[in-house]
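Structural overview
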Amino acid sequence: MFERYTGEAWEARFLPRLTYQEIAALPKEDALVILPIGAIEQHGPHMPVMTDALIGEAVLTHALDQLDEEGNIWLLPPLAYGKSNEHLDFPGTISLSASTLQGVVTDIATSVAKAGFRRLVLFNTHGGNTDLLNVAARELRISTGLMVFFLSPSSLNAAHDLLSDEEKEYGIHAGDYETSLVMAIKPAWVHTDKLVREIPDLSGLRYLTLEGKTRFAWVMSDISSSGAMGDSTQATSAKGDLILSRCATTLALALKELATFEISTVRSAPREEMAVRDA
């Protein structure tokens, strides 16, 4: 079970616990700052509205516990609210507008750059934030000069062999994946007597998908009566523990790489220039 705000992440690596003088003295060349961004939104009849924010906190807590003590990686306080207006038909959802979320992230990133840091991770745990944060990341690269990275637990591919093909396609909200994680993180927050299976009816459609290459705009009440999408009846805490462990291990390795990444090394010389150099 997950105890919030304990461990390496919330002590040794929690940036706001330092004084301004300590932050000024930190070496910035290999420093990496992480901004967790989640959501407060309905997750069906069986899951807490804090699901996305909770998963982000738990994954980061476990990942930062795995880092070497000398690693120069720092955690900012999580931004629990996200752009969740696709869930506003269900009570308990608290949403920021797209412009507000982008503005808040921009202001935080600008302050991070002002303090002398060079790298910022937007660690996102809500699918509805993804498109906006990808846009924001590029805008921040332009406006602040920061190296900005975008990461989410789902991109770490930690459950590829644990979910059915149907669940991989449709289990996008409060399904097997998320329910298993919350069962492992905060089991008392899951109503196991209310687990649901709800899959959209896209039969007869050859190209149209929920989140694939050919998409349609939807809000949750368009595609789900329960507020969930996927099969939470297949969720188990053991599966959640395994997903959490895999996510944390992969994330720890990724953060180490990001902390030393230099964007200037990515651009290669044109072939003509390389030929001249080799002559």
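Residues numbered from 1 in each chain as written. Predicted model: local features only at pLDDT ≥ 70, side-chain atom pairs only at ≥ 80, totals over all residues. Heavy atoms only, no water.

1. Concerning the pairing of strand E4 (residues 147-151)
Of all 5 residues that make up E4, 4 are buried, and the element is covered over most of its length. In this sheet, E4 lies alongside strand E3 (residues 119-124) in parallel orientation, the contact comprising 5 bridges. In the strand pairing of E4, Phe-123 is matched with Leu-151. Considered for its hand, the β-α-β crossover made up of E3, helix H4 (residues 130-144) and E4 is right-handed. (Buried < 20%, exposed > 50% of the residue type's maximum accessible area, 1.4 Å probe, protein only. Helix = DSSP H or I, 4+ residues; strand = E, 2+ residues; numbered from the N terminus. Pairing = 2+ DSSP bridges. Right-handed = clockwise from strand over helix to strand, strands pointing away.)

2. Section: helix H8 (residues 237-260)
Each turn of an α-helix holds 3.6 residues, which means side chains three or four residues apart point in the same direction. When the terminal C-alpha atoms of H8 are compared, their 35 Å separation across 24 residues agrees well with the 34 Å that a helix rising 1.5 Å per residue should span. Among all positions in H8, only Lys-239, Gly-240, Ile-243, Leu-244, Cys-247, Ala-248, Leu-251, Ala-252, Leu-255, Leu-258 and Ala-259 are buried. Looking at the buried positions of H8, the neighbouring elements they touch are strand E1 (32-37), helix H2 (51-64), strand E2 (73-75), E3, E4 and helix H6 (176-185). (Expected span 1.5 Å × (residues − 1). Contact = heavy atoms within 4.5 Å.)

3. A look at the pattern of salt bridges
Applying the stated criterion across every chain yields a total of 11 salt bridges. Linked by salt bridges that have partners in common, Glu-29, Arg-118, Arg-119 and Glu-262 make up one network. (Salt bridge = Lys/Arg side-chain N within 4 Å of Asp/Glu carboxyl O.)

4. Considering the sheet that holds E4
With parallel pairing, the 4 strands of this open sheet are ordered in space as E2-E1-E3-E4. Only two strands of the sheet have a single neighbouring strand rather than two, namely E2 and E4. Direction aside, the axes of adjacent strands within the sheet are offset by 25° on average. Contacting E1, E3 and E4, H4 crosses the sheet at an angle of about 170° to E4. Most of the contacts of H8 go to E3, to which it runs at about 155°, and overall it touches E1, E2, E3 and E4. (Axes fitted to C-alpha atoms, helices over the stretch in contact; angles between N-to-C directions.)

5. A few points about the layout of surface pockets
Here the largest pocket defines a volume of roughly 1300 Å³. Contributions of two or more residues to the lining of the largest pocket are made by H2, H4, helix H5 (165-170) and H6. Residues of the lining of the largest pocket, tallied by class, amount to 13 nonpolar, 15 polar and 11 charged. The volume enclosed by the second largest pocket comes to roughly 150 Å³. In this structure, the second largest pocket is lined by Asp-30, Leu-67, Asp-68, Glu-70, Gly-71, Asn-72, Ile-73, Lys-256, Ala-259 and Thr-260. The element contributing the most residues to the lining of the second largest pocket is H8, with 3 residues. A breakdown of the residues in the lining of the second largest pocket according to their chemical character gives 3 nonpolar, 3 polar and 4 charged. (1 Å grid on protein atoms, 1.4 Å probe; cavity = no way out; pocket = protein on both sides within 12 Å on 5 of 7 lines; lining within 4 Å. Points joined across faces, edges and corners; volume = space filled by probe spheres on them. Nonpolar A, V, L, I, M, F, W, Y, C, P; charged D, E, K, R; others polar.)

6. Looking at empty space enclosed by the protein
This model, assessed by the stated rule, comprises 1 cavity of 30 Å³ or more. Quantified by volume, the largest cavity comes out at close to 50 Å³. Surrounding the largest cavity, Pro-36, Ile-37, Gly-38, Asp-52, Ala-53, Gly-56, Glu-57, Pro-78, Leu-79, Ala-80, Phe-123 and Thr-125 form its lining. Breaking the lining of the largest cavity down by element, the ones donating at least two residues are E1 and H2. Top element by residues in the lining of the largest cavity is H2. It accounts for 4 residues. Partitioned by chemical class, the residues of the lining of the largest cavity number 7 nonpolar, 3 polar and 2 charged.

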